[in-house]
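One letter stands for each residue in the lines below.
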Amino acid sequence: LSRVARIMQLPRGNALLVGLGGSGRQSMTRLAASIAGYKCYEIELTRGFDYAAFQDNIREMMRIAACDETPVAFLFTENQILQEKFLEDINNILNSGEVPNLWQPDDLSDLYDRMMDVLEKKKLPQTKDQAWKTFVELVQENLHIVLTMSPVGDAFRTRCRKFPSLINCTQIDWYNRWPEEALRSVATKFLKKVNLKDEDTRTALAEISVHVHISMVGTCDAFFKNLRRRVFTTPKSFLDMIQMYINLLAEKRVQVSESRDRLIVGLDKLEETNKKVAELTQVMAKMKPQLAKAAKETAELLKQVKKEKAAAAVIENKVSAESKKVGVQQAQANELKEKADAELAVALPALKKAMKALDSITKGDIAVVKNLPKPPEAVKIVMEAVSILLKVPG
C-alpha cells in the first residue's frame, strides 16, 4: 500500500502492478488513491463496449486531469483489454501524454475554450499552441495510470515487448505471496464477526486456516516441480476459504437449530402422549369390573343366541319340510286344475246349449210340466239334479 501511494504521489508517477488475480492490486490502488486524495477512475465494461467507447473514457479522464486540474488515478486491469489498441493508446499517454487522432476539431475547440481559464490562472499566453502544450503537461502531471497485469502465460511478455512504455514509463511493483503473519491477521479479523464460544476457538480457527493455505502453496510448488505445471493459489482463495467457512457455519447452525426445534417438539409430543396413556390406563383400571360384567353378560347372551339359533334351525327344517309338502300339494292342485279345465272345456258347449235351451223355455212349458200327473223319467232326473244343485230339501 505504501509503495503504490508513493508512486502515485511522484511527479508523473505511473505504476505497473504485477501479480496473480486476487492478490489485492485493485484494492490497494483504490485505497492509495483515497489516501492521496485522488479521483479513482475505472472503465465500466458494458455490452457493446468498443474502441470508440474506450476513447470517450480517455477524453473524459484527460479533461478532468487537465481542464479541472484534478489528480486522477486511472485503474486499468488486464481483463479490460478487449482490444490491443487499448494498450496502444495507454502506451502513447505514458510516453508523450497524448494520443494521436484522439480529438476531433469540435472537441479541440471546446478543449481550447476550457484551457483558456487555466492559462489565465497560470498567467501564460492564451494561444492554442500554449493551450495544447499546457494540456499535455497537466495530463502527464495529474493523470496517474495504474496497470494491473498477471505474469501467468505469454500475454504479459508479449505486451511488454510490443508496448515498451509499459515498462519504461512506469514503476513496477510485484505482488508476492502474503506472509504467514498477514494471513493470520486477516483470518482473525474475518472471524471476529463470527459468534464463537471463546477466543481460543477463534485463534485455533485462524491457525488452521493459515496452515491449510500454506500447505496448499507448498503442494502447488511440489506439483510444478514434479509435473512442470503451474497451479496458483492467491490471497483471494484464502479469503474465499474463510468466507466459505463462515457461510457454511451459519448454514449448519440454522440446520442444527431447526433439528433441535423439531426434537424439542417431538419430545413434547411424546411427553403429552405418555400423560394421555397414563390417564387412559387409570380409566381402564376403573372400568375393568364393568368390562368383566359386560363380558359375562355377553357370554350369556351368546349362549342364549346359540340356543335360539338351534331352535330356529329346527323350525327352519320344519318349514322346509312343509314347503316341500306344499310344493307337492300345489303340483297336485295344478294337475287337478288342468284336468278340471279340460273337463270344463268339454262341458262348456253343453252348458251354453243348456243356457240357450233355458232361454227358450216359456211359462206355458213350465205349466205343462207342473200339471203332469206322472212326469216322465227324464223330467224326474233333471228336476232331481236341479234340486241338488239348488240344495232344495227333498
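Because the structure is predicted, anything quoted here is derived from the model rather than measured. Numbering of residues starts from 1 in every chain and runs along the sequence as written. Reporting in this predicted model follows two pLDDT cut-offs: at least 70 for local features of residues, and 80 or more for side-chain atom pairs to be given and counted; totals over whole chains, interfaces and linings ignore these cut-offs and use all residues. To obtain the side-chain values, all non-hydrogen atoms of the structure were included, while hydrogens and water were left out.

## Observations concerning the overall build of the protein chain
(1) Moving on: Working definition: helices are DSSP H or I runs of at least four residues, strands are E runs of at least two. Numbering for both runs from the N terminus. When helices and strands are tallied, the protein chain shows 13 helices and 5 strands.
(2) Moving on: Relative to its length of 394 residues, the protein chain is extended, with a C-alpha radius of gyration of 62 Å against a globular reference of 21 Å.
(3) Moving on: Any residue under 20% of the maximum accessible area for its type is buried, any over 50% is exposed, and the rest in between are partly exposed; the area is computed with a 1.4 Å probe on protein chains only. Residues classed as buried in the protein chain amount to 27% of the 394 residues present.
(4) Moving on: In the protein chain, the share of contacts with a sequence separation of at least 24, taken over all contacts with a separation of at least 6, comes to 73%. Within these notes, the globule rule equals 2.2 Å times the number of residues to the 0.38 power, and the radius of gyration is based on C-alpha atoms. We call two residues contacting when some pair of their heavy atoms lies within 4.5 Å.

## Overview of the packing of aromatic side chains
(1) Moving on: Side-chain rings of Phe, Tyr and Trp (the six-membered ring for Trp) are treated as a pair once their centres are within 6.5 Å; stacked means planes under 30 degrees apart, edge-to-face means over 60, and tilted covers the remaining angles. Counting across every chain of the model gives 8 aromatic pairs.
(2) Moving on: Ring centres 5.6 Å apart and planes at 40° place the aromatic pair Phe-74 and Phe-76 in the tilted group.
(3) Moving on: On the accessibility criterion, Phe-74 (1% relative accessible area) is buried.
(4) Moving on: Using a relative accessible area of 1% as the deciding quantity, one classes Phe-76 as buried.
(5) Moving on: Relative to Phe-135, the ring of Trp-103 has its centre 5.6 Å away and its plane inclined at 80°; by these criteria the two rings are edge-to-face. Of this pair, Trp-103 sits in the loop between helix H4 (84-96) and helix H5 (105-122) while Phe-135 sits in helix H6 (residues 128-142); the two residues are 32 residues apart in sequence, bridging distant segments of the chain. Across the pair, exposure class does not vary: Trp-103 and Phe-135 are buried alike.

## Remarks on the packing of helix H3 (residues 51-67) against H6
(1) Moving on: In this analysis, axes come from line fits to C-alpha atoms, helices being fitted only over the stretch in contact, and the angle between any two N-to-C directions falls in the range 0 to 180 degrees. Relative to each other, H3 and H6 sit at 95°, their axes nearing to 8 Å. Viewed along their axes, H3 and H6 adopt a mutual orientation that is roughly perpendicular. Contacts from Met-62, Ala-65, Ala-66 and Cys-67 of H3 reach H6 at Phe-135, Leu-138, Val-139 and Asn-142.
(2) Moving on: Here the contact of H3 with H6 is built from residues that sort into 7 nonpolar, 1 polar and no charged. These descriptions rest on fixed angle ranges, namely under 35 degrees for roughly parallel, over 145 for roughly antiparallel, 65 to 115 for roughly perpendicular, and the rest for oblique. Under this grouping Gly is polar, as are all residues other than the nonpolar Ala, Val, Leu, Ile, Met, Phe, Trp, Tyr, Cys and Pro and the charged Asp, Glu, Lys and Arg.

## Concerning unusual backbone geometry
(1) Moving on: At Glu-69, a position not held by glycine, the phi torsion is positive, near 55°.
(2) Moving on: Here Glu-69 lies in the loop between H3 and strand E3 (72-77).
(3) Moving on: Of the residues examined, Glu-69 reaches a relative accessible area of 27% and is grouped as partly exposed.
(4) Moving on: One non-glycine residue, Lys-123, adopts positive backbone phi at about 60°.
(5) Moving on: Topologically, Lys-123 is positioned in the loop between H5 and H6.
(6) Moving on: Lys-123 gets classed as exposed once you look at its relative accessible area, which sits at 77%.

## Some points on H3
Every α-helix carries 3.6 residues per turn, so stepping three or four residues along brings you back to the same face.
(1) Moving on: Multiplying one less than the number of residues by 1.5 Å gives the expected span of a helix. Counted at 1.5 Å a residue, the expected span for H3 with its 17 residues is 24 Å, and the 23 Å between its end C-alpha atoms agrees.
(2) Moving on: Burial in H3 covers these residues: Phe-54, Gln-55, Asn-57, Ile-58, Arg-59, Met-61, Met-62, Ile-64, Ala-65, Ala-66 and Cys-67.
(3) Moving on: Tucked into the core, H3 has its buried residues touching strand E2 (39-42), E3, H4, H5, H6 and strand E4 (143-149).
(4) Moving on: In the stretch just after H3, Glu-69 is the one whose phi turns positive, near 55°.

## Here we look at the sheet that holds E2
(1) Moving on: One requirement defines pairing of two strands: DSSP has to find at least two bridges between them. Across the sheet, which stays open at both edges, the 5 strands sit in the order E2-E3-E4-E1-E5 with parallel pairing between neighbours. Each edge of the open sheet carries a strand with a single partner, namely E2 and strand E5 (171-174). Ignoring which end each strand starts from, the neighbouring axes of this sheet average 20° apart.
(2) Moving on: Here strand E1 (residues 15-18) pairs with E4 via 4 bridges, running parallel. Residue pairing in the sheet places Ala-15 in a bridge with Val-146 of E4.
(3) Moving on: In the packing of H3 onto the sheet, the strands contacted are E2, E3 and E4, and the crossing angle to E3 comes to about 160°.

## Let's talk about the confidence of the model for the protein chain
Regions with low pLDDT should not have their predicted coordinates read in detail.
(1) Moving on: Per-residue confidence from the prediction method is given by pLDDT, with values spanning 0 to 100. Averaged over every residue, the pLDDT of the protein chain is 85; the share at 70 or more is 99%.
(2) Moving on: Here helix H12 (residues 363-370) stands out as the element of the protein chain with the lowest mean pLDDT, 75, in contrast to H3, whose mean of 89 is the highest.

## Let's talk about the nonpolar core
Where a protein is soluble and globular, its nonpolar side chains tend to be buried together.
(1) Moving on: Here, nonpolar core means buried Ala, Val, Leu, Ile, Met, Phe, Trp, Tyr and Cys residues that are tied together by side-chain atoms lying within 4.5 Å of each other. The biggest cluster of nonpolar side chains holds 44 residues, and the ones touching the most others in it are Met-62, Phe-74, Phe-76, Met-115, Phe-135 and Leu-143.
(2) Moving on: The element that contributes the greatest number of residues to this core is H3, accounting for 8 residues.
(3) Moving on: Ignoring anything within four residues of it in the chain, the contact list for Phe-135 reads Met-62, Ala-66, Cys-67, Trp-103, Leu-111 and Met-115.

## Brief notes about a negative patch on the surface
(1) Moving on: Patches here: salt-bridge-free residues with over 30% relative accessible area, like charges joined within 9 Å, nonpolar side chains (Val, Leu, Ile, Met, Phe, Trp, Tyr) joined within 5 Å. Here the Shrake-Rupley method, with its probe set to 1.4 Å, supplies the accessible areas, and only the displayed protein chains count as covering residues. Salt-bridge detection follows one rule: a side-chain nitrogen of Lys or Arg within 4 Å of a carboxyl oxygen of Asp or Glu. As used throughout, the charge tally considers Lys and Arg to be positive and Asp and Glu to be negative, leaving His and the chain termini uncounted. A charge is said to be at NZ when it belongs to Lys, at CZ for Arg, at CG for Asp and at CD for Glu. Together, Asp-110, Asp-113, Asp-117 and Glu-120 give the surface a local cluster of negative charge.
(2) Moving on: In this fold, Asp-113 is placed in helix H5.

## Some remarks on the pattern of salt bridges
Opposite charge on two side chains permits them to pair, given that their charged atoms come into close proximity.
(1) Moving on: All told, the structure shown has 15 salt bridges when counted by the stated rule.
(2) Moving on: A salt bridge links Arg-114 to Asp-68; the shortest N-O distance between them is 3.0 Å. Here Arg-114, found in helix H5, pairs with Asp-68, found in the loop between H3 and E3; they are 46 residues apart in sequence, far enough to count as distant.
(3) Moving on: Owing to a relative accessible area of 29%, Arg-114 belongs among the partly exposed residues under this scheme.
(4) Moving on: Arg-184 is paired through a salt bridge with Glu-180; the nearest N and O atoms lie 2.8 Å apart. Pair noted here: Arg-184 and Glu-180 are both in helix H9 (residues 180-191), with a separation of 4 residues, about one helical turn.

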